[in-house]
Amino acid sequence: MTSPVPRPGILEIKPYVGGKSSAAGSQKPIKLSSNEGALGPSPKAIAAAAAAAAEMHRYPDSQSTALRAAIGKRFSLDPARIVCGSGSDELIALLVKAYAGPGDEVLYSQYGFTMYPISALTVGATPVWAPEQGYRTDIDALIAKAGPKTKICFLANPNNPTGSYVTGADIKRLRDRLPPHTLLVIDAAYAEYVSRNDYSAGVETVDGSDNTVMLRTFSKMFALGGMRLGWAYCPPAIVDVLDRVRGPFNVGAAAQAAGVAALEDLAFQDRVRAHNDRVLPWFVGECEKLGLSTLPSVGNFVMVRFPDAPAKSAAAANEFLMARAIIPRAVANYGLPEFLRFTIGTDEEMKAVVAALGEFLK
Ligand SMILES: *Cc1c(COP(=O)(O)O)cnc(C)c1O
């Protein structure tokens, strides 16, 4: 008897480990493991999804027409250059499927998002990473690793899990120095949180080339992770390719409706950003008072570094917090065992984290 054998590469995949969502005890856990917006979704998005539910026997609009129009309006982009997906994860997978295969390389930064190597292995391509400097993407290291086989280079900006970012000028330099046959995918999942003058989500680089794509998601600032909604801003030829490889009904009707309503609720977006701008530095300051260092972050999460002593290590802190129904993200699978990543939650949640960390370090 011979059983079915998957294609080369598939069994090398270490399955994606999502943030845990339950912890010890019966109390509602404080879930800070998946960077979901602290204030939840806009009430208008919830209402729009509920209204769409009454029509759930109908197939969704296969072109996500209203959603692409709303994205175009909100971010001043041509809707014809936007492709929507079931989360940006789907768009990552589709780009890899369309542009890479056995013998090709997919390049990313050392502590880049794990969906990049996972997607590469899925199609039999070889994941290649470039070393970071001080937990930051090293543009020159990426350039040095790029060659004739490099079909795609992924750049998460800001990066998850480290929280660091590269400037718009650096993105331009990367694009200029990568081979023209290398598709540069700028994954700007946290762009809506960033308020640095030298940051760019990558729109000008997409506009100025025919080999760059920007990915965005509704899962982080818009807090619609459960709806699965992401989008790509692309050159026309790449829109054409994605429209060929995606499923015709890849984005559900309730997700499309929720996305439109979330985009239109500008006041809610301002509240979410203001909350993060206030609570992230507060939490960092509290960690410092406890003697814990953090990595500078421009997203809605932060990496906290724990001491080497086994009793005070990140692994011990993770266990201690989980036993108190607080769920951080362990990042040992990223090669960062000395850190825990914390999403910025509500004021009450972050106060509970600080109190628990204080108790842990006593
Ligand atoms: C969360 C995240 C995504 C995936 O978002 P979805 O749209 O929910 O699939 C992609 N890239 C990065 C860097 C992320 O942190």
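As shown above, the structure is provided for reference.
All chains use their own residue numbering, which begins from 1 and follows the written sequence. Residue-level local features of this predicted model are given only where pLDDT is at least 70; pairs of side-chain atoms are given and counted only at 80 or more, and the full residue set underlies all totals for whole chains, interfaces and linings. Hydrogen atoms and water are omitted, and side-chain values are computed over all heavy atoms in the structure.

Caption draft 1: Focus on the pairing of strand β6 (residues 183-187). Most of β6 sits out of view: five of its five residues are buried. Neither face of β6 is left uncovered, since the one carrying Leu 183, Val 185 and Asp 187 and the one carrying Leu 184 and Ile 186 both have all their residues buried. The criterion for strand pairing is that DSSP finds at least two bridges linking the strands in question. Helix numbering and strand numbering both begin at the N terminus, where a helix is a DSSP run of H or I of at least 4 residues and a strand a DSSP run of E of at least 2. With five bridges connecting them, strand β5 (residues 150-156) and β6 associate as parallel partners. By the bridge assignment, Phe 154 is partnered in β6 with Val 185. For β6 and strand β7 (residues 212-217), the ladder comprises four bridges, and the chain directions are parallel. In the sheet register, Leu 184 faces β7, and the bridge partner there is Thr 212. Buried residues are those whose accessible area, probed at 1.4 Å on protein chains only, stays under 20% of the maximum for their type, while exposed residues exceed 50% and partly exposed ones sit between those limits.

Caption draft 2: Spotlight on the packing of helix α1 (residues 43-53) against helix α9 (residues 253-264). Convention adopted: a line fitted to C-alpha atoms gives each axis, helices being fitted over their contacting stretch, and angles between N-to-C directions are expressed from 0 to 180 degrees. Two elements in contact, α1 and α9, have axes separated by 8 Å at closest approach and are oriented at 150°. Judged by the angle between their axes, α1 and α9 are roughly antiparallel. By crossing handedness, the relation of α1 to α9 is classed as right-handed. On the side of α1, the interface is formed by Lys 44, Ala 45, Ala 48, Ala 49 and Ala 52, while α9 contributes Ala 253, Ala 254, Ala 257, Ala 258, Ala 261 and Ala 262. Each residue gets one of three labels, nonpolar for Ala, Val, Leu, Ile, Met, Phe, Trp, Tyr, Cys and Pro, charged for Asp, Glu, Lys and Arg, and polar for the others, Gly among them. Each residue belonging to the contact of α1 with α9 can be placed in one class, and the counts come to 10 nonpolar, no polar and one charged. When describing relative orientation, an angle under 35 degrees is termed roughly parallel and one over 145 degrees roughly antiparallel, while 65 to 115 degrees is termed roughly perpendicular and anything else oblique. Each crossing gets its hand from how the near helix is turned against the far one by less than a right angle, where anticlockwise is left-handed and clockwise is right-handed. Every residue pair with non-hydrogen atoms within 4.5 Å of one another is taken to be in contact.

Caption draft 3: A look at the sheet that holds β6. Here we have seven strands laid out as an open sheet, ordered β2-β8-β7-β6-β5-β3-β4, and mixed in their pairing. Looking at strand neighbours, the two that pair on one side only are β2 (82-85) and β4 (126-130), the edges of this open sheet. Pairs of neighbouring strands in the sheet enclose a mean axial angle of 25°, with direction left out of account. In this sheet, β5 lies alongside strand β3 (residues 105-109) in parallel orientation, the contact comprising three bridges. From the neighbouring strand, Leu 107 faces β5, where its bridge partner is Cys 153.

Caption draft 4: Quick peek at the packing of aromatic side chains. Within 6.5 Å between ring centres, the rings of Phe, Tyr and Trp (the latter by its six-membered ring) count as paired, and their orientation is classed by plane angle as stacked under 30 degrees, edge-to-face over 60, tilted in between. For the coordinates displayed, the defined rule picks out 14 aromatic pairs. On the numbers, 6.0 Å between centres and 65° between planes, the contact of Tyr 16 with Phe 113 is edge-to-face. Of this pair, Tyr 16 sits in the segment before β1 (30-31) while Phe 113 sits in the loop between β3 and α4 (115-122), placing them 97 residues apart in sequence. According to the relative accessible area criterion, Phe 113 is buried, its value standing at 10%. Ring plane angle 55° and centroid distance 5.4 Å describe the contact between Phe 320 and Phe 360, whose orientation is recorded as tilted. Of this pair, Phe 320 sits in helix α11 (residues 314-323) while Phe 360 is found in helix α12 (residues 347-361), placing the two residues 40 residues apart along the sequence. Its relative accessible area of 18% is what places Phe 320 among the buried residues. In textbook terms, an aromatic cluster arises when at least three aromatic residues are bridged by ring pairs, as seen for Tyr 16, Tyr 108, Phe 113, Tyr 116 and Phe 154. In this structure, Arg 324 is placed above the aromatic ring of Phe 320, and the distance from its NZ or CZ to the ring centre is 3.5 Å. Lysine NZ or arginine CZ positioned within 6 Å of the ring centre and within 35 degrees of the ring normal marks a charge as sitting over the ring.

Shape descriptors only; they carry no functional weight alone.
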